[in-house]
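# Structure assessment
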Amino acid sequence: MKPPVPRNSGSPTAASAPDSAGSTGSRAGRTAPGRARAVFDACVPPPGDSRLLAVSWLVKTVGSGLYLTTSTLFFTRVVGLPVRQVASGLTLAGVVALAGAIPLGKLADRFGASRTYTVLLGIQFATMAALAFARTFPAFLALVLVFLLAEQGSTAARGALVATVGEGTERVRLRAYLRVVTNVGITIGAAASALVIQADTAAGYMALLWCTALTYPAAAVPLRWLRSRSPLPDGGTSGAGGPRKAERAGSGWQVLRDARYAAVTLICGVLSLQAQILSFAVPLWVLQHTHAPPVLVSGIVAVNTVMVICLQIRFSRGAEDDGRAARMCRRSGIALFVACALVSFTGGMGGWAATGLLLLFAAALTLGELWLSAGSFGLSFSLAPDGMHGQYQGFFSLGRGAATAVAPSLIAVLCLGDHPHAGWLALGALFAVAGAAAPFAVRARGVAVPGPSL
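Residues numbered from 1 in each chain as written. Predicted model: local features only at pLDDT ≥ 70, side-chain atom pairs only at ≥ 80, totals over all residues. Heavy atoms only, no water.

### A few points about the packing of helix α10 (residues 259-271) against helix α16 (residues 420-443)
Relative to each other, α10 and α16 sit at 155°, their axes nearing to 9 Å. Between α10 and α16, the crossing angle belongs to the class labelled roughly antiparallel. The two elements α10 and α16 meet at a crossing, and its hand is left-handed. Of the residues in α16, those touching α10 at Arg260, Ala263, Val264, Ile267, Val270 and Leu271 are Leu430, Phe431, Ala434, Gly435, Ala437, Ala438, Ala441 and Val442. (Axes fitted to C-alpha atoms, helices over the stretch in contact; angles between N-to-C directions. Helix = DSSP H or I, 4+ residues; strand = E, 2+ residues; numbered from the N terminus. Parallel < 35°, antiparallel > 145°, perpendicular 65-115°, else oblique. Left-handed = near helix turned anticlockwise from the far one by under 90°. Contact = heavy atoms within 4.5 Å.)

And the structure:
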């Protein structure tokens, strides 16, 4: 299924753009550069600020793909740290880094999202480059902690930047594009690292770490052409179109008093446990609890990646409406329950039966991910006051961050323990309950936003 081509009133679409032979819309007549351009246009927004932000994110996620596939190998084979020490260090640094989400998000509100994001990308470049020379556990832990703090801040700043680039439908659509770009970028980075992993040399891992570091300043380059949007004294932003509406007033920590936003953050955090099912549970389940072929692990990941790239933009339509976004979260909970129920029956199963059920599981899990991404995109923005998206996005990232921290232990106990069938069903029930709670949470009364003092 081909991803939808974004509408672009200022330039021809990929389907009608003439190729080098002068034909229009003829796939057979397109040259390789023409086909590549068509794919590019389908995966990124139309020209303008949205495309600049998407290109920046594509570069950054290519670096993420390089890092995710080789970082553990670098720390164990080159630095010489034991696997358990690397794991404990990453966990500790990740938990501590959560504390920086809201304060760093507030910096984006005060000094501007683009400026804050650029500075944090510079910090990530410096710490990643320094990691290439770390040879002790204290040095590794300190650098990883700073890196993850900057990553938490950049997540909040990027969310605030999305809020300044678009509004309503455009804003949610941009987040959907960024979701597609994430999958494309990580896939490119993971593929590029394959040769280095195959060679398995210290020089190769060092070079790859440096290449990863360089993606951070490279990601900052497209931001230079964003229209200037500086924060106003009341927390709004100004740009080519004049001041944007702002509602910032009262406490600088307003998000901590917003019970409705906290409830939505908790619900979306619980549902985001699904990401760890794919990365943590699936490989161990397929290899240790079924007789399905090991290559099916890659097949499940491929199903997930292709579905997200092809469907995320379509699934995000209407997510700017609070009620529809909440119902998307509810559908996500149902789909994730179905996925958990399907996989629970594959324990000890082999052959075509296990393969078929696991592929259905992959499709259901991805549907849950698509609805969750769309619903959480919409709610995380629409329930936040303008001018305060930095701190609100920082707070919202805590839900996913906490889920990432607890997921391995929770999944190991429920799904990979002594009673996996009951454990999978219990996890699915947790998803269903969390999704069902979303519409009720959204209908609750949010924090009152006081008007500006006179």
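### Examining the pattern of salt bridges
Across all of its chains, the model carries three salt bridges by this definition. Taking the shortest distance from any N to any O, the salt bridge between glutamate 151 and lysine 60 comes out at 3.1 Å. Of the two residues, glutamate 151 is situated in helix α6 (residues 137-165) and lysine 60 in helix α2 (residues 49-78); the sequence distance between them amounts to 91 residues. Among the ionic pairs, aspartate 200 bridges to arginine 77, the shortest N-O distance being 3.2 Å. Of this pair, aspartate 200 sits in the loop between α8 (194-199) and α9 (202-220) while arginine 77 sits in helix α2, and the two are 123 residues apart along the sequence. (Salt bridge = Lys/Arg side-chain N within 4 Å of Asp/Glu carboxyl O.)

### A word on the environment of threonine 355
Mapping threonine 355 onto the fold places it in helix α14 (residues 351-382). Relative accessible area serves as the criterion here: at 14%, threonine 355 is assigned to the buried category. Spatially, the C-alpha atom of threonine 355 lies 7.3 Å from that of leucine 296, the residues being 59 residues apart in sequence. In contact with threonine 355, other than residues within four places in its own chain, are Pro293 and Leu296. (Buried < 20%, exposed > 50% of the residue type's maximum accessible area, 1.4 Å probe, protein only.)

Any link to function would need more than the numbers given here.
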